[in-house]
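For reference, the chains in residue letters:
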Amino acid sequence: WIAAFLGIVVGALIVNIYGRHDESIIEYMAIDNYMKWNNVEFNKLFLAVLVKRIKQYALIWFNMILFTPNIFLIILIFIVGVILGAVMAAETIRLGIKGIVLATISFLPHGLIYAIVVMLTEKTLKLWKESHEIYSSSNKRRRYIFFGAIVGLALIVLGSAVESYFSPIFLKIFFQYVVPY
């Protein structure tokens, strides 16, 4: 949580410091720039997001297996915090309180699903490492690890679907009724 908080603060500071000197940074971070793609093919978007998220999931597994403590996970959480902080600061500068709402809904609900995946993966890999440390070959542990990996993949598919199909619809509704562009 500390990494996420620090990332949000750093992202907000970057936008506030550099955005005052170069307003194009704030415009670049604007979520409505991405919403102007009205002719998005959602199935292609879903496949692109799914492939990207599966690669990230595999990278998380790989790095969490290799490194203790999970420095990669801490860095990943920090980077996501920087992005969230930067987007929230840019949208707040542009739109005030509506910008905070916009930045929040742009990361939800798929961001929560991905957070659950990361927590589940961390718990699963912790159990996996413990089973190797005590040389346990318990079938129960193996099933738990397999189940954790499969549930994680299923949540990645769900998160990708939400990110590709539902989140753009929520954002369009927000822009249509709250902040027309």
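Residues numbered from 1 in each chain as written. Predicted model: local features only at pLDDT ≥ 70, side-chain atom pairs only at ≥ 80, totals over all residues. Heavy atoms only, no water.

Draft legend 1. Representation of the nonpolar core. Ranked by internal contacts, the top residues of the largest apolar core, which has 18 residues, are Tyr57, Trp61, Met64, Val117 and Ile156. Of all the elements in the fold, those that place two or more residues in this core are helix H4 (42-66), helix H7 (110-133) and helix H8 (139-177). It is H4 that contributes the most residues to this core, 7 residues altogether. Not counting the four nearest positions on each side in its chain, Met64 is found in contact with Asn70, Leu73, Thr121, Glu122, Leu125 and Lys129. By size, the runner-up hydrophobic cluster in this structure holds 14 residues, among which are Val87, Ala89, Ala90 and Leu171. (Core = buried A, V, L, I, M, F, W, Y, C linked by side-chain atoms within 4.5 Å. Buried < 20%, exposed > 50% of the residue type's maximum accessible area, 1.4 Å probe, protein only. Helix = DSSP H or I, 4+ residues; strand = E, 2+ residues; numbered from the N terminus. Contact = heavy atoms within 4.5 Å.)

Draft legend 2. Representation of the packing of H4 against helix H5 (residues 71-95) within the structure. The contact between H4 and H5 brings their axes to 8 Å, and the two run at 140°. What the angle tells us is that H4 and H5 run oblique. Here H4 contributes Leu59, Ile60, Asn63 and Met64 to the contact with H5, which in turn contributes Phe72, Leu73 and Leu76. Grouping the constituent residues of the contact of H4 with H5 by class yields 6 nonpolar, 1 polar and no charged. (Axes fitted to C-alpha atoms, helices over the stretch in contact; angles between N-to-C directions. Parallel < 35°, antiparallel > 145°, perpendicular 65-115°, else oblique. Nonpolar A, V, L, I, M, F, W, Y, C, P; charged D, E, K, R; others polar.)

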